Amino acid sequence: MDFNVPETKPLVDDQFVGEPAKRALNYIQSKREQGHPVVGIYCGYAPMEIIRAMGAGVAVLCAFSNKTIIAGEVHLPSNLCPLIKSSYGFITTDTCPFYGFSDVVVAETTCDGKKKMFELIRHLKPIHVMDLPQLPDEQEAEANWSAMIKKLKTFLEKHLGRQATDRDIETAIKDTNRKNRIMNAIFDFAACKPPVINWKEIYDLTFLAVPAPTTDIDKLLQESLNKLEQRVKNGIYYGKKGSPRVLVTGCPVAGDATKVFNIIEQAGGVIVAIDNCTGMKGFMGEIEEDTGNPIAAISRRYLKIPCACMTPNLRRLAEMDKWIERFKPDAIIDVVLHACHGYNVESYKVMKHAKDKHIPFLKIETDYSTTDVGQIRTRVEALFETLSRM
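The structure presented is a predicted model; accordingly, all values stated were derived computationally and were not measured.

Caption draft 1: Seen up close, the overall build of the protein. Counting its regular elements, the protein contains 15 helices and eight strands. For the protein, the C-alpha radius of gyration of 20 Å lies close to 21 Å, the compact-globule estimate for 390 residues. Taking the principal axes of its C-alpha atoms as reference, the protein extends roughly 60 × 45 × 45 Å. Counting only residues that meet the buried cut, the protein has 56% of its 390 residues in that class. Approximately 17100 Å² of the protein is accessible, and the part contributed by carbon and sulfur atoms is 52%. Averaging the positions of the 50 positive and the 49 negative side-chain charges in the protein gives two centres separated by 1 Å.

Caption draft 2: Spatial organisation of the sheet that holds strand S7 (residues 331-337). The four strands lie next to each other as S6-S5-S7-S8, forming an open sheet whose pairing is parallel. A single partner strand is all that each edge strand has here, and the edge strands are strand S6 (270-275) and strand S8 (361-366). For this sheet, the mean inter-axis angle between neighbouring strands, taken without regard to orientation, is 25°. Here strand S5 (residues 245-250) runs beside S7; their pairing, made up of five bridges, is parallel. Looking at the pairing, Thr249 lines up with Asp334 of S7. Set on the sheet, helix H14 (residues 341-356) makes contact with S5, S7 and S8; between it and S8 the angle comes to about 165°.

Caption draft 3: Summary view of the sheet that holds strand S2 (residues 57-60). One open sheet holds the four strands; their spatial order is S2-S1-S3-S4, and the pairing between them is parallel. The sheet is open, and its two edges are formed by S2 and strand S4 (127-130), each paired on a single side. Pairs of neighbouring strands in the sheet enclose a mean axial angle of 25°, with direction left out of account. Summarising the sheet, strand S3 (residues 104-108) and S4 pair through four bridges and their orientation is parallel. Looking at the pairing, Val105 lines up with Ile127 of S4.

Caption draft 4: Summary view of the state of the cysteines. By the definition in use, this model includes one disulfide. Covalent S-S linkage joins Cys62 and Cys96, the inter-sulfur distance amounting to 2.3 Å. Judged by the sign of its S-S torsion, about 85°, the cystine formed by Cys62 and Cys96 is right-handed. With a gap of 34 residues between them, Cys62 in the loop between S2 and helix H3 (69-72) and Cys96 in the loop between helix H4 (82-92) and helix H5 (97-101) connect regions that are remote in the sequence. As far as burial versus exposure is concerned, Cys62 and Cys96 are alike and both buried. Take Cys111: it sits in no disulfide, and the sulfur closest to it among the cysteines is that of Cys81, at 6.6 Å.

Caption draft 5: Summary view of the packing of aromatic side chains. Under the criterion given, the structure shown has seven aromatic pairs. Centre to centre, the rings of Phe64 and Tyr368 are 6.3 Å apart; their planes meet at 55°, and the pair counts as tilted. Taken as a pair, Phe64 in the loop between S2 and H3 and Tyr368 in the loop between S8 and helix H15 (373-388) lie far apart in primary sequence, 304 residues in all. When sorted by exposure, Phe64 lands in the same class as Tyr368, which is buried. Here the guanidinium or amino end of Lys125 rests over the ring plane of Tyr99, the centre of that ring lying 4.5 Å away.

Caption draft 6: Up close: the pattern of salt bridges. Across all of its chains, the model carries 26 salt bridges by this definition. Ionic pairing is found between Glu73 and Lys85, a salt bridge with its closest N-O pair at 2.8 Å. In this pair, Glu73 sits in the loop between H3 and H4 while Lys85 sits in helix H4, placing the two residues 12 residues apart along the sequence. For Lys85, a relative accessible area of 5% gives the class buried. Linking Lys363 and Glu365 is a salt bridge whose minimum nitrogen-to-oxygen distance equals 3.7 Å.

Caption draft 7: Highlighting empty space enclosed by the protein. In this structure the tally under the stated criterion is two cavities of 30 Å³ or more. Here the largest cavity defines a volume of roughly 40 Å³. Together, Ala24, Tyr27, Ile28, Val58, Ala59, Val60, Phe98, Phe207 and Pro211 line the largest cavity. If you list the elements that add at least two residues to the lining of the largest cavity, you get helix H1 (20-33) and S2. Within the lining of the largest cavity, the residues separate by chemical class into nine nonpolar, no polar and no charged. The computed volume of the second largest cavity comes to approximately 30 Å³. Lining the second largest cavity, in full, are Cys43, Tyr45, Ala46, Val106, Ala107, Glu108, Met130 and Trp145. The element that contributes the greatest number of residues to the lining of the second largest cavity is S3, accounting for three residues. Across the lining of the second largest cavity, the residue classes tally to seven nonpolar, no polar and one charged.

Rules of the game
Throughout this document, residue positions are counted from 1 along each chain, in the order its sequence is written. Given that this is a predicted model, residues contribute local features only at a pLDDT of at least 70 and side-chain atom pairs are listed and counted only at 80 or more, while totals for whole chains, interfaces and linings are drawn from all residues. Only hydrogens and water are set aside when side-chain values are computed; all heavy atoms of the structure are taken into account. Only runs of H or I of at least four residues qualify as helices and only runs of E of at least two qualify as strands under DSSP, and these elements are numbered from the N terminus. With C-alpha atoms as the basis for the radius of gyration, the globule rule is written as 2.2 Å multiplied by the number of residues raised to the power 0.38. With a 1.4 Å probe rolled over the protein chains alone, any residue whose accessible area is under 20% of its type maximum counts as buried; one over 50% counts as exposed, and the rest are partly exposed. In short, Shrake-Rupley with a 1.4 Å probe defines the accessible areas, and a residue's cover is counted only from the protein chains shown. Counted as positive: Lys and Arg. Counted as negative: Asp and Glu. His and the chain ends are not counted at all. Taken as the charge centre is NZ of Lys, CZ of Arg, CG of Asp or CD of Glu, depending on the residue. Strand pairing is assigned whenever DSSP detects at least two bridges linking the two strands. Lines fitted to C-alpha atoms define the axes, with helix axes restricted to the stretch in contact, and inter-axis angles between N-to-C directions lie between 0 and 180 degrees. Between two residues, a contact is recorded if the distance between any of their heavy atoms is within 4.5 Å. In this description, the term disulfide denotes a pair of cysteine sulfurs within 2.5 Å. A pair of Phe, Tyr and Trp rings is counted when the ring centres sit within 6.5 Å of each other, with Trp represented by its six-membered ring. The angle between the planes then sorts it: under 30 degrees is stacked, over 60 is edge-to-face, the rest tilted. Placement of a charge over a ring requires the Lys NZ or Arg CZ to be within 6 Å of the ring centre, with the centre-to-atom vector within 35 degrees of the ring normal. Within this document, salt bridges are pairs made up of a side-chain nitrogen of Lys or Arg and a carboxyl oxygen of Asp or Glu, the two lying within 4 Å of each other. Residues are said to line a cavity or pocket when one of their atoms sits within 4 Å of a point; the points come from a 1 Å grid over protein atoms alone, cavities being sets where a 1.4 Å probe fits but cannot get out and pockets being open sets with protein on both sides within 12 Å along at least five of seven lines. Grid points are joined across faces, edges and corners, and a volume is the space filled by probe spheres set on the points. Throughout, the ten residues Ala, Val, Leu, Ile, Met, Phe, Trp, Tyr, Cys and Pro are labelled nonpolar, Asp, Glu, Lys and Arg are labelled charged, and all others, Gly among them, are labelled polar.

This is how it looks when you write it as structure tokens:
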């Protein structure tokens, strides 16, 4: 079947037209105008249910642009991860509006470079660094992370002048679960053969859905589901007959790093799964409800996030098996940012796992610049050529 049918209407409505960051900024501005404080976060380990339980807005801080790298390297080593250098450059040049709108910042100890970078900005506004247990299967991990969450709650109550009861937190948990169920219903359209949704639309929706409670974006999500169902009825799909289905995994991929997504698409592939913390990963799974101890429930859920900072990170491969079964990729592409040692070392295990599953694998080491676009394109095209001969 030939299914390269053009779409006439975008998945996201006109009121959200523009770059994802611009739409998210408009959302944060509206929260401020309504009298809500704003909490800036850097990572998917920040327990957003605690923040939302206080009626605060969540702002995902800037970290994915090549233009602030040079400013970041004024104080940071040039061979540091581009995500960290870009984050710091945004702050030193005062060009991250999300940081400007944030009353406080929540950080975490997912890597040494970020930990030390946080020391350089802690004098600018209140910042709370959470000590993340990195042996998640140890008996004390849940208790330790619960203690960190309680400390975060105390920090927020002090600086925001707001309280959050267990009932408030439980309400936020149920909202997260509902949002995750809706997002997964949307992801099911990527699992279709051929896919009914493209990577840009997945990226846009996840970018908007991460910081917002379901109550703020329910209409958008429901309308997106309706449009996707209509596409199926109208026979609208993405790619061409035989387009390679690609699962992208590895480091956070957003902003300038989405050059890899563009190259995959330009080479004729369709991205059906974005297994990165900036993609679909954060919406997988649910938090236990009505346990009587919502903070412990949140602790258990967040410790299950299979980031490469965890050891041994066996859960990543187990979760990947579920993704392979669900999205049926023809190839796995592992995107590793320069100097991200955790994901770089772990890439070997992912490669072996893909080989055991008889799925072609490609590792791409890159940064936010465009200097390697030609090289990446050549390697992706070679991968797809291999697939065409299988």
